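# A structural walkthrough
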Amino acid sequence: MKFRLTENLGLKVAAVLFAALLWLVVVNVDDPVDSMVFRNIPVQVTNEEVITNTGKTYQIIEETQTVSAIVYARRSVLSEISAEDIVAVADMREMELKSLVPLTVYVQGYDGKYESAEASPRNIQVKIEDQTKNSFPLTVSTTGTLRDGYVLGEVKTNPETITIRGAESLVGRIDKAVARVDISGLGEDAELNAELILYDAEGIVLDQTLLANNLGDRGVSVSVQVLSTKSLPLTFDVSGEPAEGYIYMGLTSEPGKIDVCGTTEDLNEVENIQIPGTELNLDGATTKLERVVDVMPYLPEGVSLVDETANNVIVTVSIEQEGARTIELPVESIIVNNLSEDLKISYLDVEDLELQFKGAQDALNILDIRNAVSIDLKNYNTAGEYTVNVKVEVPDTVTLATQPTIKVALTDKKEK
């Protein structure tokens, strides 16, 4: 048997190849009729007036808005046909049972070149409803980012409202009408074409295919105002006098500047925001004062805050006894001497070191302790928590009221 299978093996292989080639030749010469399926073919509806002339409208059930088409033709023709050549038509005059419309399928540009074509499913389902309309205010939604140094001012749609017509079930789902506009790179006022987006109550975008509106060919546009920005310092007046034996030493605010916006002309006329003394009354004060000041009432006309929620600033007013002064120094400003190379330092439970000085008032007024505060860790060579004396270098005319200390934590650098 083995000998018979392998005898004349070359001739047998050649015979198989010749048979396959002969089959291909026969198939191509004969060009038999075959079928091909084309999917997601959109349905075109004709003679809609059969329904609309009665004051009603229709809605295609979602599952049948697109269909598949089966085309029968010779293989040479099928190889040339694409999905874009397929047309599926639903003629409302042929509607049956008030919901089913038969589909007719044809291949445009191939009349007489194909055998037949049919849709799957063979019918579309429609829902007949009363037609209604409703008006909605248009709101603006922006995408993109303006050029650096500019913020969005007033935006206004044209028109301000829109009327939507369609099936009651569809119009009833509309919760919000939005004009979406792209402001990318904008640096001046502009009138921009916008895209109309309809949302339901859950924020889902609605299909507008079966809805009509009153926008016409012009559509909807948005007038966009672009404002310049500027960072302005805050300046403060104070009123009243501290209690006898106490003096006003100055104030700080957080933040010290605010970002405002307005037209270029308006911003050129303002260099700072002046807060009157009525906001900071010092009468009878004996200790440091903290006040929250709303800067909004003091903005010049035509100028507004970039962030409207950033209208409050915290003002700290220093009140000291005559011959005394308190200075708060960030712990990061403390000079650390003789820290072991194997250890690292952190400060416990404090962000600022409060130092109290006494001396001649003239000397206190000009006292500057930057680069004059240090700690020496020569005697702290192991990890742990320690309370360390703080050294402050001051002129002879000034003394420390008390010896300051600070609590530090030393940890091994090798520890994770």
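Heads up: these notes are all about the structure in this document. (Residues numbered from 1 in each chain as written. Predicted model: local features only at pLDDT ≥ 70, side-chain atom pairs only at ≥ 80, totals over all residues. Heavy atoms only, no water.)

## Details of the side chain of threonine 57
Position of threonine 57 among the secondary structure elements: in strand β2 (residues 56–60). Those residues in contact with threonine 57, other than ones at most four positions away along the chain, are Ile51, Lys127, Ile128, Glu129, Asp130, Gln131, Gly166 and Ala167. (Helix = DSSP H or I, 4+ residues; strand = E, 2+ residues; numbered from the N terminus. Contact = heavy atoms within 4.5 Å.)

## Examining the packing of aromatic side chains
Summed over all chains, the structure comprises one aromatic pair. Sitting over the face of the ring of tyrosine 199, lysine 176 holds its NZ or CZ atom 5.5 Å from the ring centroid. (Phe/Tyr/Trp six-rings, centres within 6.5 Å; stacked < 30°, edge-to-face > 60°. Lys NZ or Arg CZ within 6 Å of the ring centre and 35° of its normal.)

## Structural notes on the environment of valine 77
Counting through the fold element by element, valine 77 comes out in helix α4 (residues 75–78). Relative accessible area serves as the criterion here: at 14%, valine 77 is assigned to the buried category. Residues in contact with valine 77, not counting those within four places in the same chain, are Tyr110 and Lys113. (Buried < 20%, exposed > 50% of the residue type's maximum accessible area, 1.4 Å probe, protein only.)

## Looking at the environment of leucine 210
Summarising the element assignment, leucine 210 is placed in the loop between β11 (190–199) and β12 (212–213). Measuring from C-alpha to C-alpha, the distance between leucine 210 and isoleucine 60 comes to 8.7 Å, with 150 residues separating the pair along the chain. If sequence neighbours within four positions are ignored, leucine 210 has contacts with Tyr58, Gln59, Ile60, Gly166 and Leu170.

## What to know about the sheet that holds strand β20 (residues 324–330)
The three strands are arranged β20-β23-β27 in an open sheet whose pairing can be described as antiparallel. Looking at the sheet topology across the chains shown, the edges are occupied by β20 and β27 (398–400). Averaged over all pairs of adjacent strands, the angle between strand axes in this sheet comes to 35°, irrespective of strand direction. (Pairing = 2+ DSSP bridges. Axes fitted to C-alpha atoms, helices over the stretch in contact; angles between N-to-C directions.)

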